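Breakdown of the fold
In case you want the letters, here they are:
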2 protein chains.
Amino acid sequence: MPRRIDHVAIIVRNLEDALTFYRDTLGVVPTEIKEVPTEQVRIAFLPLGGPAGSQIELIEPTLANASLQKFLERRGEGLHHLCLEVEDIDGALQDLKDKGAAVLDQQPRVAAEGRAIFLHPKATNGVLLELLQK
Amino acid sequence: MPRRIDHVAIIVRNLEDALTFYRDTLGVVPTEIKEVPTEQVRIAFLPLGGPAGSQIELIEPTLANASLQKFLERRGEGLHHLCLEVEDIDGALQDLKDKGAAVLDQQPRVAAEGRAIFLHPKATNGVLLELLQK
């Protein structure tokens, strides 16, 4: 069973523009703005609720990131995915496979925050769901 | 500044169907399934991370709920809104108004969990954002 919400990811066209709302108006201070070349994104991490809290991630895809650019074209900016932390990603993946869930990864991938798998929205009532072991 | 993520709301057509994934496959046990006639919805509350944690809310609109039915038609099931807890909703509302943010409520409304305001997605990079004082 997942332990907690790790982050909620919001896809935006431009990080600096998004920060004028999330940082300047709402008052959530980013701890880090990170370029992740392997994922063709820039991410601003906005922690809420202290060290054990969850965070908002603002994600700006590079122009070369075809799948996220397609998402932006089709759906616009907004909520993109939900990430839940699990203790044991290999066990969680095996359990989901045993139950016949539509996992998008046959093995955990290396994400910005740890090892992760994604579930297809058709299996999760429309939510792109990430499970993450930190 | 918001203290924590209170909940992430997922809109679904049918709660029982959604629980076959979130409860039976993923293993998150709902604490309560509640009918909220004033909001024309049924909500399943799925807590994560203990008493101080955040939760997933699965929301099934009744057929009479025109605005959520329209959302389902247009976007399908999936992530619907993000709710952040604040200490003082009146102060937060005044602060947002002073900063010219597009608030949808001129006064806090009574929500299922406390007093709340919503911000328009055009002000928040596409996210329907709720601020809540419990």
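Residues numbered from 1 in each chain as written. Chains lettered and ligands numbered in written order. Predicted model: local features only at pLDDT ≥ 70, side-chain atom pairs only at ≥ 80, totals over all residues. Heavy atoms only, no water.

This paragraph deals with the side chain of A:Arg4. Mapped onto the elements, A:Arg4 comes out in strand β1 (residues 4-11). The class of A:Arg4 is buried, set by a relative accessible area of 15%. A polar side-chain atom of A:Arg4 sits 3.1 Å from a polar atom in the side chain of A:Asp6. There is a polar contact of 2.5 Å between the side chain of A:Arg4 and the backbone oxygen of A:Gly53. Aside from chain neighbours lying at most four places away, what touches A:Arg4 is A:Ala52, A:Gly53, A:Ser54, A:Cys83, A:Leu84, A:Glu85, A:Lys134, B:Leu48 and B:Gly49. (Helix = DSSP H or I, 4+ residues; strand = E, 2+ residues; numbered from the N terminus. Buried < 20%, exposed > 50% of the residue type's maximum accessible area, 1.4 Å probe, protein only. Polar contact = N/O pair within 3.5 Å; in protein donor to acceptor, adjacent residues only side chain to side chain. Contact = heavy atoms within 4.5 Å.)

On to the UniProt feature "domain: VOC" (unreviewed entry) in chain A, then. Within this numbering scheme, the UniProt entry marks residues 4-134 of chain A as carrying the feature "domain: VOC" (unreviewed entry). In residues 4-134 of chain A, helix accounts for 24% and strand for 36%; the two terminal C-alpha atoms are 12 Å from one another. (UniProt positions renumbered as here; feature names shortened; annotations may be inferred.)

The relation between two aromatic rings is expressed through the spacing of the ring centres and the mutual angle of the planes. Residues and elements named next belong to chain A. This model, assessed by the stated rule, comprises 2 aromatic pairs over all chains. On the basis of an interplanar angle of 85 degrees and a centroid distance of 4.8 Å, the ring pair of Phe21 and Tyr22 is categorised as edge-to-face. The exposure class assigned to Phe21 is buried, which follows from its relative accessible area of 5%. Since its relative accessible area comes to 0%, Tyr22 is described here as buried. (Phe/Tyr/Trp six-rings, centres within 6.5 Å; stacked < 30°, edge-to-face > 60°.)

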